[in-house]
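Descriptive analysis of the structure
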Amino acid sequence: MENEQVTKRLSALRKAMEENKVDYYMITSADCHGSEYVHKHFRARAYFSGFTGSNGTLLVGKKSAALWTDGRYFLQAEEQLAGTGIELMRMEEKGVPEIEEYLQVKLQKGEFLGFDGDCVSAEQGKRLEKICEEKGAAVSFERDLADIAWEYRPARPANPVWELSEEYAGESCGDKLKEVRCILEKEGMDYLFLSSLDDIMWLFNLRGADIACNPVALSYAFVGRDECTLFLQKKAAQGLSLERFGVTIEEYDKVFDWISQKLNKVRGKKVTSPGGYLSHRMRKLLSGKSELILRESPTELLKAIKNETELSCSREAYLKDSAALCKFIYWLKNHVGKEEITEISAADKLEEFRRQISGFLDISFATICGYADNGAIVHYSATEETDRRLTKKGMVLVDSGGQYMGGTTDVTRTIVLGEVSEEEKRIFSLVSAAMLRLAEASFPEGATGRNLDILAREELWKAHLDYRHGTGHGIGYILNVHEGPQRISWQYRKEAKEYALRAGMLISDEPGMYFAGKFGVRTENILEVVKEEENEYGTFLGFRHLTLVPIDKEALDKRFLTSEDAERINRYHKLVREKVLPLLEQEEKEWLLEATKEL
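Residues numbered from 1 in each chain as written. Predicted model: local features only at pLDDT ≥ 70, side-chain atom pairs only at ≥ 80, totals over all residues. Heavy atoms only, no water.

1. Looking at a negative patch on the surface
Together, Glu98, Glu101, Glu123 and Glu495 make up a negatively charged patch on the protein surface. You can see Glu123 is positioned in helix H5 (residues 122-135). Taking the relative accessible area as the measure of exposure, Glu123 reaches 39% and is therefore partly exposed. (Patch = residues over 30% accessible without salt bridge, like charges linked within 9 Å, V, L, I, M, F, W, Y side chains within 5 Å. Areas by Shrake-Rupley, 256 points an atom, 1.4 Å probe, with all protein chains shown as cover. Salt bridge = Lys/Arg side-chain N within 4 Å of Asp/Glu carboxyl O. Lys, Arg positive; Asp, Glu negative; His and termini not counted. Charge placed at Lys NZ, Arg CZ, Asp CG, Glu CD. Helix = DSSP H or I, 4+ residues; strand = E, 2+ residues; numbered from the N terminus. Buried < 20%, exposed > 50% of the residue type's maximum accessible area, 1.4 Å probe, protein only.)

2. Concerning the sheet that holds strand S13 (residues 270-273)
Strand order in the open sheet formed by six strands is S12-S11-S10-S8-S13-S14, and the pairing between neighbours is mixed. A single partner strand is all that each edge strand has here, and the edge strands are strand S12 (247-251) and strand S14 (291-294). Each neighbouring strand pair of the sheet contributes to a mean axis angle of 20 degrees, computed without reference to strand direction. Taken together, the four bridges between strand S8 (residues 191-194) and strand S10 (residues 219-224) define a ladder with antiparallel strand orientation. By the bridge assignment, Leu194 is partnered in S10 with Ala221. Lying on the sheet, helix H10 (residues 255-265) is in contact with S8, S10, strand S11 (228-232), S12 and S13; it crosses S10 at an angle near 15 degrees. (Pairing = 2+ DSSP bridges. Axes fitted to C-alpha atoms, helices over the stretch in contact; angles between N-to-C directions. Contact = heavy atoms within 4.5 Å.)

3. Description of the nonpolar core
Counting residues in each nonpolar core, the largest one holds 83 residues, and the members touching the most others are Phe328, Leu332, Leu390, Val396, Phe443 and Phe543. A total of ten residues in this core trace back to one element, the largest contributor, which is helix H13 (residues 308-335). Contacts of Phe443, omitting those with residues within four sequence positions, involve Leu452, Leu501, Val529, Thr539, Phe540, Leu541, Gly542 and Phe543. Formed by 55 residues, the second largest nonpolar core is a distinct cluster that contains Phe42, Phe193, Leu232 and Leu292. (Core = buried A, V, L, I, M, F, W, Y, C linked by side-chain atoms within 4.5 Å.)

4. Some words on the packing of aromatic side chains
In the structure shown here, the tally under the stated rule is 15 aromatic pairs. Seen from their ring centres, Phe193 and Tyr220 are 5.8 Å apart, and the 25 degrees between their planes marks the pair as stacked. With Phe193 in strand S8 and Tyr220 in strand S10, this pair connects stretches of sequence that are 27 residues apart. Tyr220 shares its class with Phe193; the two are buried. Connected via pairs of aromatic rings, a cluster forms that spans Tyr191, Phe222, Phe231 and Trp258. Of note, Arg281 hangs over the ring of Phe256, and the distance from its end group to the ring centre comes to 3.6 Å. Across the ring face of Tyr467, the terminal group of Arg457 is positioned such that the distance to the ring centre comes to 3.8 Å. (Phe/Tyr/Trp six-rings, centres within 6.5 Å; stacked < 30°, edge-to-face > 60°. Lys NZ or Arg CZ within 6 Å of the ring centre and 35° of its normal.)

5. Quick look at helix H16 (residues 449-462)
Helix length check: H16 (14 residues) gives 20 Å between terminal C-alpha atoms against 20 Å at 1.5 Å per residue, within 8%. Where H16 bends most, at Ala456, the angle is about 50 degrees. Regarding H16, the residues found buried are Gly449, Leu452, Asp453, Ala456, Arg457 and Leu460. In this structure, the buried side of H16 is in contact with helix H15 (422-439), strand S21 (442-444), strand S23 (483-488), strand S25 (512-515) and strand S28 (538-545). Of the residues flanking the end of H16, it is His464, one or two places downstream, whose phi is positive at about 60 degrees. (Expected span 1.5 Å × (residues − 1). Bend = angle between axes of the 7 residues up to and from the residue.)

6. Focus: the side chain of Asp23
By secondary structure assignment, the location of Asp23 is in the loop between helix H1 (3-19) and strand S1 (24-27). Among the polar contacts listed, one links the side chain of Asp23 to the side chain of Lys62, at a separation of 2.9 Å. A polar contact is formed between the side chain of Asp23 and the backbone nitrogen of Phe112, at a distance of 2.7 Å. Once residues within four sequence positions are removed from consideration, Asp23 is found in contact with Met17, Val60, Gly61, Lys62, Glu111 and Phe112. (Polar contact = N/O pair within 3.5 Å; in protein donor to acceptor, adjacent residues only side chain to side chain.)

This is the structure in structure tokens:
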């Protein structure tokens with residue numbers, strides 16, 4: 001993105017702000033559903049700032065602008081914001097105010113804070129309203145000023161919606177609705193309003209393609225104790241029928257009018273909705289016509305604990321996906337330096353291997369392929385301008401995954417291409433050992449990810465090292481690659497409810513270390529939470545590896561490993577051999593046997 005383009009776009013936005021008497025305008029990364037990844041129609045923050053990371057908030061004033069993002073994107077944001085006049089606000093760094101704190105200082109009496117009420121969450125909108133009230137300012141959320149200033153904005157997506165059969169879902173839409181209604185009744189709720197797309201897709205056994213790599217469709221749902229209405233773009237839902245489950249389908253754009261009319265008839269009913277996904281505009285409507293309770297949706301935990309069909313299909317999908325990555329690593333090591341391979345072409349080649357797998361639907365997120373110092377950018381995305389040629393030296397970090405009829409995968413391997421330094425070996429060994437220490441944990445039922453995070457970080461912390469991201473996130477099933485509510489992170493956040501890990505959950509295990517201008521290392525496996533034993537001390541859980549890909553021995557150095565670490569690596573490599581070897585060709589088998597030899 002050229003700086004002049006960003007400057008021109010900010011000028012157009014400021015003109016719209018002036019015409020609408022708005023003093024500060026905030027643009028989030030979200031769509032109308034609080035999605036992590038969004039269709040290009042909703043990427044207003046990227047359009048007006050030039051910063052393309054998945055998480056960030058832009059605040060534009062009459063003469064100044066600032067962008068908040070987290071530690072995953074500091075390096076990327078520095079590069080993309082350079083020369084735009086937009087100040088980078090490094091979230092959670094010492095001395096850096098949160099956006100609400102910043103506004104508390106900057107907003108003056110009589111001023112207006114504007115934002116698109118459809119793309120700001122109910123929780124954040126409520127906080128912003130309070131700040132404005134305290135400062136004698138006001139909120140303006142009815143008009144999307146970014147839409148006014150955005151030339152040639154991409155059209156809203158409306159791709160076909162299809163039904164996932166019970167062969168893969170393992171449970172009918174009707175049975176899922178019964179479970180949800182039981183919880184609503186138990187909690188004394190009359191209605192559940194859903195706007196989070198993966199929850200809706202899970203509940204109705206539907207899939208779509210409105211967000212790249214995420215098989216979801218733009219939708220809303222209003223679930224009552226004996227009725228249910230699903231809002232879809234009807235041109236995308238042609239031929240779809242859920243009447244057998246008592247579900248009525250209405251037009252997506254009618255959701256506000258429909259709910260307003262519905263609640264006028266049944267005033268005073270209790271409606272629950274997850275505040276992190278509910279939009280500020282919808283919160284204003286629901287709270288004005290019902291008793292609105294913001295809390296987590298019952299679908300979130302039900303979706304996170306996979307049923308036996310989902311687990312069985314996921315295990316098979318991960319095995320095939322792991323074999324594809326093994327084939328890629330073998331190919332890369334044997335072709336680098338002999339032909340032109342770049343970060344982009346390597347990512348394309350990996351996708352080619354995945355496409356050969358039966359049931360492949362799409363990649364599960366844009367592949368991160370960062371060579372040498374690009375590997376230090378946590379969520380690096382190669383472009384034509386940054387695309388680096390791979391040579392027989394150093395390492396390349398590849399974070400990738402696939403969507404299959406049978407599962408969603410996510411895996412990171414740092415691959416040695418040639419000579420590596422002593423420091424690279426030390427860090428690579430520490431990170432790989434950290435991943436396996438956590439993966440072999442046993443813990444009592446009731447433990448959360450915060451109880452376990454230290455297992456991955458302990459040796460890094462002893463070396464006064466750390467990484468600025470969580471250690472683990474939940475994984476969807478033919479859905480979003482990042483899924484709650486479970487996570488593994490050491491930080492306590494008062495606004496985030498902690499959930500115990502439960503058998504049937506899938507979670508990532510991905511420690512890493514990143515050195516700006518030098519190199520980055522991350523090793524990621526996806527784990528299934530399993531029940532190990534029940535005795536007089538309670539129920540104990542553990543993890544099962546779903547990812548079965550060797551850790552590159554060329555950068556493992558026993559000088560930086562304990563004997564227990566080496567034994568864990570050997571055990572893991574033995575498992576990889578047993579499971580993956582039958583899926584490879586002869587030359588690939590020979591490579592895998594060598595790659596998994598005992599340390």
